[in-house]
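# Chain and residue survey
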Amino acid sequence: MTVTLTIDGRQATVPKGTLIVEAAKQVGIEIPVFCYHPKLEPVGMCRMCLVTVGTPLVNRATGQSQLDADGLPIIRWFPKPQTACTMSVSEGMVVITDSQEVAADRKAILEFLLTSHPLDCPVCDKGGECPLQDLTYRHGPGVSRFDYDSKHHSAKRYPLGDLIVLDRERCILCARCTRFQSEIAQDPVLAIENRGRDARIVSYSNPVFDSHYSGNTTDICPVGALTSRDFRFHARAWELTNIPSLCNHCGVGCNTVLSTRRGQIARIMPRQNETVNEVWICDKGRFGHHFNSSPYRLTMPLIRRDGELVEASWDDALQHVASRLTSIIEAHGSDSIGGIAGACLPNEDLYLFQKFLREVIGTHNVDHRVGLSATFEDDTVYAVGVGTGTDLGRVGRDTAFLVIGSDLDQEAPILYLRVAGAARHGATLITAGGRPTKLDKQSNHSLRYRYGTATHLLLGMIHVILEANLTGNETVPHRVNGLNELRANVADWAPERVAEITGVPPDEIRAAARAFGEAKNGIVLYGPEGLGWGNGTQGTSWEAGSPLRQAVANLVTLTGFIGRPNNGVIAVLPHANSRGAADLGVVPDRLPGYVPAERPGLNAQEMLGGGVRALLVAGADPLAGVTLADELEFLVVQELFLTQTAQQADVILPAAALAERDGTFTNLERWVQRFDPGLPVPGQARPDWTIIRQLAVLLGADWAYATVGGVLAEMAQAIPLYRGMSYEQLSQPVSLSRRMSHYIYAGMSFQAEMREGMQWPALAEDGSAKLELDWLDPPAPPAEGDGFTLVAPRVLYDGGTLLGQAEILGTRLVQPHIALSSADAAALGVLDGQGLQVSANGQSISLPARVDGLVPQGVVAIPRNLKGAPAESLLGEGRIFSRVKVVKG
Amino acid sequence: MSLLAEHVLLRHRDVPHIRDINVYTNHGGYDALRKALSDMRPEEVTDVVKAAGLRGRGGAGFPAGVKWSFIPAGVKPVYIVVNADESEPGTFKDREIIEANPHQMIEGIALCAYAVGAQAAYVYGRGEFKGPFVGLQQALDDAYEKGFLGRNILNSDFSFDIYTHLGAGAYICGEETALLESLEGKLGQPRNRPPFPAQVGLYNKPTVVNNVETLTNVPPIVLHGAQWYRQFGTDKSPGTKIFCLSGHVARPGNYELPLGAPLRHLIEECGGGVPGGRALKAILPAGASAPILPGPGWGTGDILDLSLDYESVQAAGSMLGSASFIVMDETVDMVWAASKMAHFFKHESCGKCSPCREGTYWVEDVYHRLRDGSGRPGDVDLLLNIADQMDGNCFCLLGEFSVCPVRSSIQHFRDEYEALVKG
């Protein structure tokens, strides 16, 4: 339903409900704003957007417009100017924005705002890209009549949080920041205190400004009031070189801009991409870049001679590696070599890495599942991933989300914003987890299962959906094999039985299943805390994960939530390119494109456990806290830093970081996106893919890749999933020029122009493909006996290699601790902060207790990937749960 | 002396101790509620209030029955919020009702609740009403005990509760949407309208917001009917009104008069005139929130002939508002008086919208300059210009009204301003 109105004589036809300011934008008329932001609820506070509005006089009896003598509709003008940011359009409305009256009002508002403003533009970070400055030039008075000596003075350097500094004199109290925190981030930690000219922005949370999204407030601040601590007074906007890049801290694939100055990153800003990150990035992405300029970067190849690592030339180092590999292959065969690559590496590097091992060395001993990657893997999205064109930012009432076993606010923050936003726009949200998460506050159904029983819960939901015949009747009969077998198998899993195992009441299971099954579109996001126990009491993730993966795939398949936009599965994998690592066969049993390997090689555990004599490690730290197996003769590490693995290497090859090179990542929704180089490499570091290429050449391969684009071109030919992708298409130039028309409305994020990436289609999108409903019995959880279930959640600010270098986030890094319920704490006689002794697998660790009410009784949680890896040492690599003993002390 | 045989609102002046529930019931108290619950359908209560032409006494004068009829059917719960924030300078009528005749207000609230189907009412008082609210709570407790409030009122199906809440002392919280924000525990700042509180009010539910005095009018209207009520006042402004008289009069205080009574009666008969034979220089008819009306020697015609109803005061260039008449005699420095009001508005501006937040600050700054003896040529026009820049551009009426004393004092007493400007 559309509405036609006239703005300054121009006709605009826009959807009903559109605000005047947006309708004007569509016909090229820019109405100035400060408090209005398209992502926030309108408030009409700043009064900058005042316009003259009239509506046609309607005869109430006939419903027709009354006409004047000339046959034109009689317009009834509102007696006062109206705010274009709060008023919706209506049929026949007439809006005037270019009159002298409107110009006088704009000038008046600007003069008012500037009476309290310090006018310190010459030293203000916002200068040059400041809505207040720009709009003053365009609409404001040239001089102020306000007495300079009467200016209101306030704090110039108020630390609103660890990361954000507030200049209260520059603040124009538009409340964009407080509204962002309440509406978008769902962390209502900012507020306005006091009134009138004494009103000011405050945060009373502990720690102050406690939010993963605080940096976004500096982007949407229309003046220089909110600045980030690491950019404040460091550079002027016009001195910066802006490079399109991607965030490398999680799998969301947020589009960013590197703003560099003199070979250093001055700041990282979001780059608008409405299908990925809209105009936001999280604080980890914004402030975690400081590792690039760390003095601890590796800059020269190092060879171990007489037990010492000494600098060497690239030629010597690579020759050394080539000759050692050759001699080991000659002596022990190709399968005595193995490789582990981290899922932080770009696609091209991962592709060449596995190709090097498979084709140049001749082994399938290749894997990426170490560290966080060892906890969770996924192959369901190959068949039933969310349909291409999925846009979580635009789904609403007819869509249901099931988020199971994932704490999005910690694991994939921008995905959290988008799912919470969808819930705000009316989508049905079902959260299921072993503990409460932040997303529960937005959910319609919040299910709490016993750890290790998420699969059982899914079977209960499938049971209800089949019983109520909520299957996708259009798709399912034609496209699916195994429905009858599934029906027979799942008949045993009535909600009552599931309730006994999971602890979720049967009526809650039924209600959630119905809510999911009855929606028009369904999306499942699943994560590592949904995994089962595996065989016995400690399964590795890929054993424990199979029944969960199968149940997730079955759920979306039989409901018909497949093959269409806004339907299907998103696996919340840990790293920037975890999706790419799975796609490109960086696993021993699968070739690129989910093709099974005929003769699977050794997995990471087996390689590290002594299965190989030579090991190549690129961008991973699998030997953290682990000693070298005796069988390992030769270890080569490509790295940015002297990690614990690198310290044990025979040869270290310094690698270039993301900001120093180009390449592509594949995000959780299967968008393949490109990033550009923005910094010079430190010393002699090289991109990983060139190191691999040179090694291949030295070992006799005729690899002639000259550019990353050349590698992608081969991938596009060789791997059906990446068919049609080309570096040219992914590299279309991006215009990063600053447009006032963008930033006065949307904030400092860079406007999207081209380069949206390419998304590979899931199998289900091919209408002729048949889908299998396979059955895997869920492993029973162990009987609850003495002790506690130890879980190891992922946290945003962990102790990873890169994040540890960002000092600015130092106070936010999660310190090793053990979280437990207040009931268990009372039973153990321990208070928050006191020590607890945790024992499992012959290991015993002492950690301070945290009693934060976020862990259910009988469960203790130690976050994963913290400094010293306490959780991993208790669990063992790749394990999900363990029974542990906990005593005071 | 009075134009009324008996008070309609200030009944305690005729019936001693009417704040005692037994005295109140002995003099017809809660009969209106009894009548409504036994003989009237809810919409009939709204209809009689509409027919009586009762207009909101908080200041805007919007017909109360019409407001009630805006409550949508079928959306529950419905709330009533009683605005006892009474913070307009010179206004002290609601306080007297709460202190001396509380049951008539309580009965009015209950009648309103019955009419609109509300389950609960909140009486929101200004923070300084801590004392009066102790008595109010006693009255509420008594009404509960007698079965006029709570479950199954007077053995009917109608159940209804009244709660009291004190604000922290902010003028803006008398603005109905800011009051709702404050009542919800948020910063007291006004909301956008539409939606109006009748659709989206307290906790986003349909809400009637009425002034104390408005609701106190309801029991006699329901009991005696619209025609009886319309014997008082004018056709467009029916009923009686409490006029708060203060300033340079011999007997300041509250006076209940029929709307349309002459100003001369209020000031001379009720108030005993300006003391000491001094001349009446100016009148603020609605506290600080309306243009100043000049006295006979400073304006055209005799202001004392003014008829005290909404239409006539508006025609004279001001507003009746909450009818808080502040009288100023010839000794008053009008620049001083305007500067006091400028200070008030600057102090009370909530800061939500920029023209009010910055404009009131700026206006006060210019007044400081004038009063310090450092006024500059052009300052008077500057004040008028700042007022023009605020007028029509503010978020709510606080900012809009803040320019009234500035403009009207300059309009009528410009020479006093010019005398303060150097050069």
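Residues numbered from 1 in each chain as written. Chains lettered and ligands numbered in written order. Predicted model: local features only at pLDDT ≥ 70, side-chain atom pairs only at ≥ 80, totals over all residues. Heavy atoms only, no water.

What follows deals with the overall build of chain B. On a plain count of helices and strands, chain B comes out with 17 helices and 11 strands. Along the longest, intermediate and shortest principal axes, the C-alpha atoms of chain B span 75 × 45 × 35 Å. Scored against the burial criterion, the 423 residues of chain B give a buried share of 61%. Within chain B, residue pairs in contact and separated by at least 24 positions form 70% of the contacts whose partners lie at least 6 positions apart. Total accessible area computed for chain B in this model is approximately 15500 Å², and 51% of it derives from carbon and sulfur atoms. (Helix = DSSP H or I, 4+ residues; strand = E, 2+ residues; numbered from the N terminus. Buried < 20%, exposed > 50% of the residue type's maximum accessible area, 1.4 Å probe, protein only. Contact = heavy atoms within 4.5 Å. Areas by Shrake-Rupley, 256 points an atom, 1.4 Å probe, with all protein chains shown as cover.)

Time to look at the domain arrangement of chain B. Interfaces are often sized by the amount of accessible area the parts lose when they come together. Residues and elements named next belong to chain B. Annotation of chain B at the domain level lists domain 1 (11–229), domain 2 (240–329) and domain 3 (334–421). On a C-alpha basis, the centroid separation for the pair domain 2 and domain 3 is 23 Å. Between domain 2 and domain 3, the contact holds 12 residues from the first and 12 residues from the second. Interface area for domain 2 against domain 3, summed over the two sides, is near 1000 Å², with a carbon-plus-sulfur share of 78%. Contact with domain 3 buries surface across domain 2, with K281, A288 and I292 losing the most and accounting together for 46% of the total. At the junction of domain 2 and domain 3, the tally comes to 1 salt bridge. Residue K281 pairs with E416 through a salt bridge whose shortest N-O separation is 2.6 Å. (Domains from an automatic or database assignment. Buried area = accessible area lost by both parts, 1.4 Å probe. Salt bridge = Lys/Arg side-chain N within 4 Å of Asp/Glu carboxyl O.)

This next bit is on the packing of aromatic side chains. All names here are of chain A. Evaluation of the coordinates by the stated rule reveals 28 aromatic pairs over all chains. Measuring from ring centre to ring centre gives 6.5 Å for F356 and W703, while their planes differ by 80°; the resulting arrangement is edge-to-face. Of this pair, F356 sits in helix α8 (residues 347–361) while W703 is found in the loop between α21 (688–698) and α22 (708–718), placing the two residues 347 residues apart along the sequence. Among the residues examined, F356 registers a relative accessible area of 1% and is labelled buried. Judged by centre distance (5.6 Å) and plane angle (70°), the rings of W703 and Y705 are edge-to-face. A single burial state applies to W703 and to Y705, both of which are buried. Across the ring face of Y158, the terminal group of R168 is positioned such that the distance to the ring centre comes to 3.7 Å. (Phe/Tyr/Trp six-rings, centres within 6.5 Å; stacked < 30°, edge-to-face > 60°. Lys NZ or Arg CZ within 6 Å of the ring centre and 35° of its normal.)

Right, let's get into unusual backbone geometry. The residue after N206(A), namely P207(A), is reached through a cis peptide bond having omega 0°. Tracing the backbone shows P207(A) in the loop between β10 (200–203) and α5 (216–220). With omega at 0°, the peptide bond leading from P194(B) into P195(B) counts as cis. Note on placement: P195(B) falls in the loop between α8 (176–183) and β4 (207–211). Of note, Y30(B) is a non-glycine position whose phi angle comes to about 65°, a positive value. Among the structural elements, Y30(B) can be located in the loop between α1 (21–26) and α2 (31–39).

A few words now on the nonpolar core. Counting residues in hydrophobic clusters, the biggest one holds 107 residues, and the most contacted among them are F401(A), I404(A), F516(A) and L525(A). With 74 residues, the next largest nonpolar core counts A24(A), M87(A), V95(A) and C221(A) among its residues. (Core = buried A, V, L, I, M, F, W, Y, C linked by side-chain atoms within 4.5 Å.)

Each strand in a sheet pairs with its neighbour through backbone hydrogen bonds, running either in the same direction (parallel) or in the opposite one (antiparallel). Residues and elements named next belong to chain A. Taken together, 3 strands build an open sheet; the order of strands is β12-β13-β14 and the sheet is antiparallel. Each edge of the sheet is formed by a strand with only one pairing partner; in this case those strands are β12 (241–246) and β14 (264–270). Taken pair by pair, the neighbouring strands of this sheet meet at an average axis angle of 30°, ignoring direction. Here strand β13 (residues 255–261) pairs with β14 via 6 bridges, running antiparallel. Counterpart to V257 in the pairing with β14 is M269. (Pairing = 2+ DSSP bridges. Axes fitted to C-alpha atoms, helices over the stretch in contact; angles between N-to-C directions.)

Attention shifts here to α22(A). Residue and element names in this part refer to chain A. Every buried residue belonging to α22 is among V708, G709, V711, L712, M715 and A716, and all of these are buried. The arc that holds the buried residues of α22, viewed along the axis, is 155°, so those residues lie on one side. Against the buried residues of α22 lie α8, β30 (663–666), α21 and α23 (727–730). (Arc of directions from axis to C-beta.)

It is worth spelling out the environment of D832(A) at this point. All names here are of chain A. Here D832 is to be found in the loop between α25 (822–828) and β36 (835–840). Taking the relative accessible area as the measure of exposure, D832 reaches 52% and is therefore exposed. The spatial distance from the C-alpha of D832 to the C-alpha of G92 is 64 Å, given a sequence separation of 740 residues. Those residues in contact with D832 that lie beyond four places of it in its chain are A849, R850 and V851. For D832, the side chain forms a polar contact with the main-chain nitrogen of V851, separated by 2.7 Å. (Polar contact = N/O pair within 3.5 Å; in protein donor to acceptor, adjacent residues only side chain to side chain.)

Right, let's get into the interface of chain B and chain A. On the chain A side, the residues contacting the 32 residues of chain B number 31 residues. Buried area between chain B and chain A, summed over both chains or domains, comes out near 2600 Å², and the portion from carbon and sulfur atoms is 51%. Summed over the three residues of chain B that lose the most area to chain A, namely Y361(B), W362(B) and N393(B), the buried surface amounts to 24% of that side. Put simply, chain B and chain A have 5 salt bridges between them. With a shortest N-O distance of 3.2 Å, R197(A) and E358(B) are connected by a salt bridge. Between the two partners, chain B and chain A, sit 21 residue pairs in polar contact (both at pLDDT 80 or more). Of all elements in the fold, only α14 (334–348), α15 (354–372), α16 (379–390) and α17 (397–418) of chain B reach the threshold of two or more residues within the side of chain B that touches chain A. The leading source of residues in the side of chain B that touches chain A is α15(B), at 9 residues.

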